[in-house]
Amino acid sequence: MGEQQSLLAEQRRALIADEVRRRGGVRVNELTRRLGVSDMTVRRDLDVLARQGVLEKVHGGAVPPADASAHEPGFEAKSGLEPDAKESIAREAAALVSPGTAIALSGGTTTYALAKRLTGVPDLTVVTNSVRVADVLHAAQPGAERQAAVVLTGGVRTPSDSLVGPVADQAIRSLHVDVLFIGVHGIAPEAGLSTPNLAEAETNRCLVRSARRVVVVADHTKWGTVGLSSFATLDEVDTLVTDEGLGEEARAEVAERLRLLVVAGPQG
């Protein structure tokens, strides 16, 4: 029962965080009706999310953090947001990977989901600045002859478990990959791809320049979000893999600017 209650709490908090981000704020009484839980339970959930930096509590509810453009939630906090969409996106993105190619995976929870789907693809070389991605690929098929060769950059670790900074940048600049799969904090027509972390922005620029093809993996909630620092324009992106929640206006914008838009449906 304890594990089940914990799982339900994680699901509730992911929904609350998503509502705050989409709507710009939520009220406690609205959440109690929608989630079917007590006022006290909702307030406890808000306390947890506030400690994680996902939201800021106000009288009667919660709003996004005051410095949202510069705020970077941790890996665990982001893992609970849009989990089904991330799995669907990872499935479609994995279909774009051919055996024997050299690819790069940036940090992020969507690229982490993708990494788990690539463990069976033979003869891959994977460049990554994500500690989580490297762990997944190293743990898969230990001792197998055709296991992916993983190149993990050095650098300073961010809240999202990415390695960034001059050491990472220098390592990436010397490499050339066939395809980069990159997660983003935000994607918007004018700002392009952005992140709240200045050091990560520079590392991401290096990743984009190292790749012959750039594939963004991002769920619909990232559209219209602008982080503190932009690191690529939409014109530098070849493909966006997203989920069905992306609106028609956004789809039209993407179709006009990018070579390919892949909309992942629900898991079959």
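Shown above is the structure to which this text applies.
Predicted, not measured: the structure shown is a model, and the values here were computed from it.

**A few points about the overall build of the protein chain**
Then, in step 1: Looking only at helices and strands, one finds 10 helices and 15 strands in the protein chain.
Then, in step 2: Taken across its 268 residues, the protein chain has 50% of its residues classed as buried.
Then, in step 3: Partitioning the contacts of the protein chain with sequence separation of at least 6, the portion at a separation of at least 24 is 62%.
Then, in step 4: For the protein chain, the exposed area adds up to about 12,500 Å²; of that, 50% sits on carbon and sulfur atoms.

**Some words on the nonpolar core**
Then, in step 1: If you look at the biggest cluster of nonpolar residues, it comprises 27 residues, and the most contacted ones within it are Ile-103, Leu-105, Leu-114, Leu-118, Leu-124 and Phe-181.
Then, in step 2: When residues of this core are traced back to their parent elements, those giving at least two are helix H5 (83-94), strand S4 (102-105), helix H6 (109-117), helix H7 (131-139), strand S9 (177-182), strand S12 (211-217) and strand S15 (260-264).
Then, in step 3: Not counting residues up to four positions away in its chain, the partners in contact with Leu-114 are Ala-90, Ala-93, Ala-94, Leu-105 and Phe-181.
Then, in step 4: Of all hydrophobic cores here, the second largest spans 26 residues; its members include Val-127, Val-177, Ile-182 and Phe-231.

**Describing the sheet that holds strand S13 (residues 229-232)**
Then, in step 1: What the three strands build is an open sheet, ordered S10-S11-S13; its pairing is antiparallel. Single-partner strands in this sheet number two, and they are strand S10 (186-188) and S13. Each strand of the sheet is rotated relative to its neighbour by a mean of 35°, with strand direction disregarded.
Then, in step 2: Packing of helix H9 (residues 198-210) onto the sheet brings it into contact with strand S11 (192-195) and S13, and relative to S13 it is tilted by some 10°.

**Topic: the sheet that holds S12**
Then, in step 1: Read from one edge to the other, the open sheet built from seven strands follows the order S6-S5-S4-S9-S12-S14-S15, with strand pairing classed as parallel. Of all the strands in the sheet, the pair left with one neighbour each is strand S6 (149-152) and S15. Each neighbouring strand pair of the sheet contributes to a mean axis angle of 20°, computed without reference to strand direction.
Then, in step 2: Judged from the four bridges that link them, strand S5 (residues 125-128) and S6 form a sheet pairing that is parallel. The residue bridging Val-126 from the neighbouring strand is Val-150, located in S6.
Then, in step 3: Sitting on the sheet, H5 touches S9, S12, strand S14 (239-243) and S15, and the angle it makes with S14 is about 145°.

**Observations concerning the packing of H5 against H6**
Then, in step 1: In contact at an axis separation of 8 Å, H5 and H6 are set at 55° when each is read in the N-to-C sense. Judged by the angle between their axes, H5 and H6 are oblique. As for the relative orientation of H5 and H6, their crossing is right-handed in sense. Taking contact as the criterion, the partners of Lys-86, Glu-87, Ile-89, Ala-90, Arg-91, Ala-93 and Ala-94 in H5 are, on H6, Thr-109, Thr-110, Ala-113, Leu-114, Lys-116 and Arg-117.
Then, in step 2: Of the residues contributing to the contact of H5 with H6, the split by class is six nonpolar, two polar and five charged.

**Brief notes about the pattern of salt bridges**
Then, in step 1: All chains considered together, the criterion is met by 14 salt bridges.
Then, in step 2: With its nearest N and O atoms 3.3 Å apart, the salt bridge here joins Asp-235 to Arg-257. Note that Asp-235 is positioned in the loop between S13 and S14 and Arg-257 in helix H10 (residues 248-257), a separation of 22 residues in sequence.
Then, in step 3: Among the charged side chains, a salt-bridge network with shared partners connects Arg-12, Arg-13 and Asp-45.

**A short note on the environment of Gly-183**
Then, in step 1: Note that Gly-183 resides in the loop between S9 and S10.
Then, in step 2: Remark: the alpha-carbon pair of Gly-183 and Thr-109, spanning 74 residues in sequence, is separated by 7.8 Å.
Then, in step 3: When near neighbours in sequence (up to four residues on either side) are disregarded, Gly-183 contacts Ser-106, Gly-107, Thr-111 and Val-217.

**Digging into the packing of H6 against H7**
Then, in step 1: Packing of H6 against H7 brings their axes to within 9 Å, and their N-to-C directions diverge by 10°. Classified by the angle between their axes, H6 and H7 sit roughly parallel to one another. On the side of H6, the interface is formed by Thr-111, Tyr-112, Ala-115 and Lys-116, while H7 contributes Arg-132, Val-133, Val-136 and Leu-137.
Then, in step 2: Considering only residue class, the contact of H6 with H7 consists of five nonpolar, one polar and two charged.

Conventions used here
Note that residues are indexed from 1 along each chain, following the sequence as it is written. For this predicted model, a pLDDT threshold of at least 70 governs which residues receive local features, and a threshold of 80 or more governs which side-chain atom pairs are given and counted, while totals over whole chains, interfaces and linings are taken from all residues. Hydrogens are left out, water is left out, and the side-chain values use all remaining heavy atoms of the structure. Every helix listed is a DSSP run of H or I at least four residues long, and every strand listed is a run of E at least two residues long, numbered separately from the N terminus. A 1.4 Å probe rolled over the protein chains alone gives each residue an accessible area, and that area as a share of the maximum for its type sets the label: buried under 20%, exposed over 50%, partly exposed in between. Throughout, a residue-residue contact means that at least one pair of heavy atoms, one from each residue, lies within 4.5 Å. Note on areas: Shrake-Rupley, 1.4 Å probe, and residue coverage restricted to the protein chains presented here. Residue types Ala, Val, Leu, Ile, Met, Phe, Trp, Tyr and Cys, when buried and joined through side-chain atoms within 4.5 Å, form a set referred to as a nonpolar core. Any two strands are treated as partners once DSSP identifies two or more bridges connecting them. Helix axes are fitted only over the stretch in contact, all axes being lines through C-alpha atoms; the angle between N-to-C directions runs from 0 to 180 degrees. Roughly parallel means an angle under 35 degrees; roughly antiparallel means over 145; roughly perpendicular covers 65 to 115; every other angle is labelled oblique. Take the far helix as the reference: if the near one is turned anticlockwise from it by less than a right angle, the crossing is left-handed, and if turned clockwise, right-handed. Here the nonpolar group is Ala, Val, Leu, Ile, Met, Phe, Trp, Tyr, Cys and Pro; Asp, Glu, Lys and Arg are the charged ones; every other residue, Gly included, is treated as polar. Any carboxyl oxygen of Asp or Glu that lies within 4 Å of a side-chain nitrogen of Lys or Arg is treated as forming a salt bridge with it.

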